[in-house]
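This is what each chain is made of:
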Amino acid sequence: MSEKNLKNRDLNYFYNIARNLLEDFYNCDCKPGWICTPEKFGATMGLGAAGQGKTFEANYNTLHQYRLKMNLIKAHHEPEMSTSIFGKDLTIPVMGASVSGVKLSINDIISEDDFYWGLMKGARDFGSIGMVGNTPACPDDLGITVAGRNGGWGIPIIKPHSQEELIKLFQLVEELDVIAVGVDLDGVGSQFWNAHGKPLYRKTEHELRELVDCTEKPVIFKGIMSVEDAVKVADSGASACYVSNHGGRPMDCGQAVADVLPDIAKEISGKIIILADGAVRTGFDVLTVLALGADVVLIGRPLAMMSVVGGVEAVKLYYEYVKDDLRTSMIMTGCDNLQDATMEILVRSR
Ligand SMILES: Cc1cc2nc3c(=O)[nH]c(=O)nc-3n(C[C@H](O)[C@H](O)[C@H](O)COP(=O)(O)O)c2cc1C
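Since we're looking at a predicted model, the values are computed, not measured.

Trainee: Explain the overall build of the protein chain to me, please; I cannot follow it from the model alone.
Mentor: Counting secondary structure elements, the protein chain contains 13 helices and 12 strands. For 350 residues, the compact-globule formula gives about 20 Å, and the C-alpha radius of gyration of the protein chain, at 19 Å, lands near that figure. Summarising its shape, the C-alpha atoms of the protein chain cover approximately 60 × 50 × 40 Å along the three principal directions. By residue count, 51% of the 350 residues in the protein chain fall in the buried class. Within the protein chain, contacts between residues at least 6 apart in sequence are counted, and of these 70% link residues at least 24 apart.

See the structure below:
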């Protein structure tokens, strides 16, 4: 590639590659909303969602029922967007959601190892932290070892295996001094793991506490979609409660994240860090989810696409894009800092 073309690389450059590489195979419309069409009659879901994709659709549609209120007549301040989590600084309150499965879901385009590297190094270069997931097509410790190679800068989210297996993996997280570790409790419904005959389990409150107690590292429980479960996570001693329905991948006909987040936040805010994802694509979406009660907002599919088509560089560019729009949305809604992002800046339209 010529020097001129290298300079011309921007998000559209990578977006167009993603369109060409992924559009047909995944039935992903790749239009600005980045909504992927649902699984079709048992065929692989690609980047899509389970069943008729109603849970994914609900995430997108409910989030966008909320509108940001403009509030301009006041003293001008540059918005303070930085925050921290688990003792690490974040340039903006945004991290990469745990994604995995290039072989099974993303056309086997690159190795899972390179995919995780793009997500975690791209996040680090920007000033954030990338999470990675756990796929039956690769060793369970892959996310942990790639994070280790990135100076520990990353967060592996592991499937709900047996307690014995999880405790072993948590020990490796400690040995490699990885920032934190999590379990996606909703991964128990994963079609891939079921198809590979690898058992996953629901977990009791006792088992959550056992996992928290077996490590000095911060523990995250992901896949929380009810106040009842959120309270159990807060009581377990975990460091973060991750509100998510996995982008609608395990279960169709589920509730939207934007529908449950405000009630969960009312109950556990201030007691434990609240993470949330679900159809977040822009900095405007980020401000909305912060206002609904999240401390840090996570982005899944777009960063996954960027990592497969452009690695570290494209992932970093996506974070930059989100940052620019977050700044604009804070200025336009009168938010000088992240504490100003409350329900007061939202109006719900139907
Ligand atoms: C292809 C793909 C693979 C995923 N793999 C995992 C995984 O291994 N572990 C996990 O916790 N979540 C996984 N997720 C769910 C994401 O972490 C996240 O919850 C979801 O993508 C958020 O929604 P968004 O894509 O609309 O931003 C995956 C999602 C996709 C699209």
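From this point, the narrative continues.
Trainee: Can you help me understand the site of the ligand in this one?
Mentor: By nearness alone, 26 residues border the ligand, and Ser100, Gly133, Asp184, Gly247 and Gly300 come closest of all. Elements with a minimum of two residues in the shell around the ligand: strand S4 (94-99) and helix H13 (301-332). With 3 residues, the top contributor of residues to the shell around the ligand is S4. In terms of residue class, the shell around the ligand is made up of 8 nonpolar, 13 polar and 5 charged.

Trainee: Can you walk me through the pairing of strand S8 (residues 219-224) in this structure?
Mentor: The side chains of a regular strand alternate, residue by residue, between the two faces of the sheet. S8 sits mainly inside the fold: 6 of its 6 residues count as buried. Here strand S7 (residues 181-184) runs beside S8; their pairing, made up of 4 bridges, is parallel. By the bridge assignment, valine 183 is partnered in S8 with phenylalanine 221. Pairing of S8 with strand S9 (residues 240-243), which is carried by 4 bridges, proceeds in the parallel orientation. Following the sheet pairing, lysine 222 is matched in S9 by tyrosine 242.

Trainee: Would you explain the sheet that holds strand S6 (residues 155-158) in this entry?
Mentor: In spatial order, the strands read S4-S5-S6-S7-S8-S9-S10-S11; together these 8 strands close into a barrel with parallel pairing. Looking at each pair of strands side by side, their axes are set apart by 25° on average, direction ignored. In the sheet, S6 pairs with S7 via 2 bridges, with the strands oriented parallel. Residue pairing for S7: isoleucine 158 is matched across the bridge by valine 183. Across the sheet, helix H10 (residues 227-235) is in contact with S8 and S9; its angle to S8 comes to roughly 175°.

Trainee: What's the story with helix H6 (residues 142-149) in this structure? I'm lost.
Mentor: Quick reminder: α-helices carry 3.6 residues per turn. Residues three or four places apart thus point the same way. Along H6, the residues classified as buried are Leu142, Gly143, Ile144, Val146 and Ala147. At its buried positions, H6 is contacted by helix H5 (112-126), strand S5 (130-132), S6 and helix H7 (163-175). Positioned one or two residues after H6, glycine 151 has a phi angle of 70°, which is positive.

Rules behind the numbers
Residues numbered from 1 in each chain as written. Predicted model: local features only at pLDDT ≥ 70, side-chain atom pairs only at ≥ 80, totals over all residues. Helix = DSSP H or I, 4+ residues; strand = E, 2+ residues; numbered from the N terminus. Rg over C-alpha atoms; globule rule 2.2 N^0.38 Å. Buried ≥ 20, exposed ≤ 12 C-beta atoms within 10 Å, placed from the backbone. Contact = placed C-beta atoms within 7 Å. Near = placed C-beta within 6 Å. Nonpolar A, V, L, I, M, F, W, Y, C, P; charged D, E, K, R; others polar. Pairing = 2+ DSSP bridges. Axes fitted to C-alpha atoms, helices over the stretch in contact; angles between N-to-C directions.

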